[in-house]
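Spelled out from the first residue to the last, the chains are:
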Amino acid sequence: MSDLLGPAEWAAIALSLKVSFWATLASLPVALWVAYLLARCNFFGKQILNAAVHLPLILPPVVTGYVLLLAFGAQAPVGQALAALGLGFAFHWTGAALAAAVMAFPLMVRAMRLSLEAVDPKLEDAARSLGAPPWAVFATLTLPLSLPGVLAGAILGFAKAMGEFGATITFVSNIPNQTRTIPSAIYTFLQQPGGEKGALILVAVSIFIAILALVLSEILARTLSKRIGGRDA
């Protein structure tokens, strides 16, 4: 494989892994919090929050990327304020991570919410009746029981971030060694005469990484489920 991949391909793969890792890591606590709110809490505006969370799945990715550009671009007030703090997004790999995180967020929340809803609320009520504070109930009961779904959501988000293209290229363009992830590199190869070979290699790498992530997710989820089942027994 190393003989087939040139510097451009390796750079795209390394950047995609970097972007996907940070997008998933940054999204994970927020996605878990939002999933818990949607699964366990009743409040005014819950359906609005649910719709807002899933909006990136409905909108064209280019629209999402353009909204990010309007909000975090170099000329936007928020973008200028963040740039003054040394945190720039537009036309930078951090912007690619932000776009990937936004696009992967709904999938992460949905998987985590389903897992949290599968936990019997009566168990949580019993723990609270014994004097356990809410944070302890969540940390020692709810989270461990829902961990397989949380893990699946995180890996699903990572896989989605690896394949993100539309919002990324709209928000941060297609800059070599800076914002050119695997999908952007495939697009670039397909625009060049004779670039089909490079595109095909990157497609194969993408499929391999996606399958590996799904297999790891399944193995870890089953392992955690068995441990939880053994603990309950």
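Structure shown above.
Since the model is a prediction, treat every value here as computed from it, not as a measurement. Once a new chain begins, its residue numbering starts again from 1 and follows that chain's sequence as written. The predicted nature of this model means local features are confined to residues of pLDDT at least 70 and side-chain atom pairs, given and counted, to a pLDDT of 80 or more, with totals for whole chains, interfaces and linings taken over all residues. Excluding hydrogens and water, the side-chain figures rest on all heavy atoms present in the structure.

A.B. asks: Quick question: what am I supposed to make of the overall build of the protein here?
C.D. replies: Each helix corresponds to a stretch of at least 4 residues labelled H or I by DSSP, and each strand to a stretch of at least 2 residues labelled E; elements are numbered beginning at the N terminus. Across its full length, the protein holds 10 helices and 0 strands. Referenced to the eigenvectors of the C-alpha coordinate spread, the extents of the protein come out at roughly 70 × 45 × 30 Å. Looking at the protein as a whole, 41% of its 233 residues are labelled buried. Considering only contacts within the protein whose residues lie at least 6 apart along the sequence, 73% involve residues at least 24 apart. In this description, accessible areas are obtained by the Shrake-Rupley approach with a 1.4 Å probe, and a residue is regarded as covered only by the protein chains that are shown. Roughly 12,700 Å² of accessible area belongs to the protein as shown, and the carbon and sulfur atoms make up 71% of that amount. Within the protein, the 10 negative side-chain charges are centred at a point lying 4 Å from the centre of the 14 positive side-chain charges. The buried label goes to any residue with under 20% of its type's maximum accessible area, the exposed label to any with over 50%, and the partly exposed label to all in between, with areas taken from a 1.4 Å probe on protein chains only. Contacts are residue-level and defined by heavy atoms, with any inter-residue pair within 4.5 Å sufficient. His is not counted, nor are the chain ends; Lys and Arg add positive charge and Asp and Glu add negative charge. Charge coordinates come from a single atom per side chain, which is NZ of Lys, CZ of Arg, CG of Asp or CD of Glu.

A.B. asks: Can you help me understand the pattern of salt bridges in this one?
C.D. replies: Pairing between side chains of opposite charge can happen when the charged atoms of each approach one another. Put simply, a salt bridge is a Lys or Arg side-chain nitrogen that is within 4 Å of an Asp or Glu carboxyl oxygen. Taken as a whole and assessed by the stated rule, the structure comprises 3 salt bridges. Here Arg 113 ties to Glu 117 by a salt bridge, and the two come within 3.0 Å at their closest N and O atoms. Of this pair, Arg 113 and Glu 117 are both found in helix H5 (residues 93-117), 4 residues apart, which corresponds to roughly one turn of the helix. Take Glu 117: its relative accessible area is 37%, and that puts it in the partly exposed class. Across the salt bridge formed by Arg 128 and Asp 125, the nearest N and O atoms sit 2.8 Å from each other.

A.B. asks: Even after reading the chapter, I still don't get the packing of aromatic side chains, so can you show me in this structure?
C.D. replies: Two aromatic rings, taken as a pair, are described by how far apart their centres are and by the angle between their planes. The criterion for an aromatic pair is that two Phe, Tyr or Trp rings (for Trp, the six-membered ring) have centres within 6.5 Å, with stacked assigned to planes under 30 degrees apart, edge-to-face to planes over 60 apart and tilted to the rest. Inspection of every chain in the model, using the stated rule, returns 4 aromatic pairs. With a centroid separation of 5.3 Å and 80 degrees between ring planes, the pair formed by Phe 21 and Trp 22 is classed as edge-to-face. Looking at Phe 21, the relative accessible area reads 43%, which means it is partly exposed. Between the aromatic rings of Tyr 36 and Phe 138, the centroid separation amounts to 5.3 Å while the plane-to-plane angle is 80 degrees, which identifies the pairing as edge-to-face. A residue pair is termed long-range when its members are at least 10 positions apart, and Tyr 36 in helix H1 (residues 7-40) and Phe 138 in helix H7 (residues 134-163) qualify at 102 residues. Any Lys NZ or Arg CZ found within 6 Å of a ring centre and within 35 degrees of that ring's normal is scored as a charge over the ring. Across from the ring centre of Trp 93, 4.1 Å away, lies the NZ or CZ of Lys 18, which sits over that ring.

A.B. asks: Any chance you could explain H5 here in plain terms?
C.D. replies: Helical geometry note: an α-helix holds 3.6 residues per turn, so side chains three or four residues apart project in the same direction. Residue count minus one, scaled by 1.5 Å, sets the expected span of a helix. Between its first and last C-alpha, H5 extends 35 Å over 25 residues, near the 36 Å set by a 1.5 Å rise per residue. Helix geometry: H5 is bent most strongly at Ala 104, by close to 40 degrees, with proline Pro 106 lying one to four residues after it. Across the 25 residues of H5, 18 count as buried, placing the element largely inside the fold. To get the bend at any residue, fit one axis to the seven residues that end at it and another to the seven that begin at it, then take the angle between the two axes.

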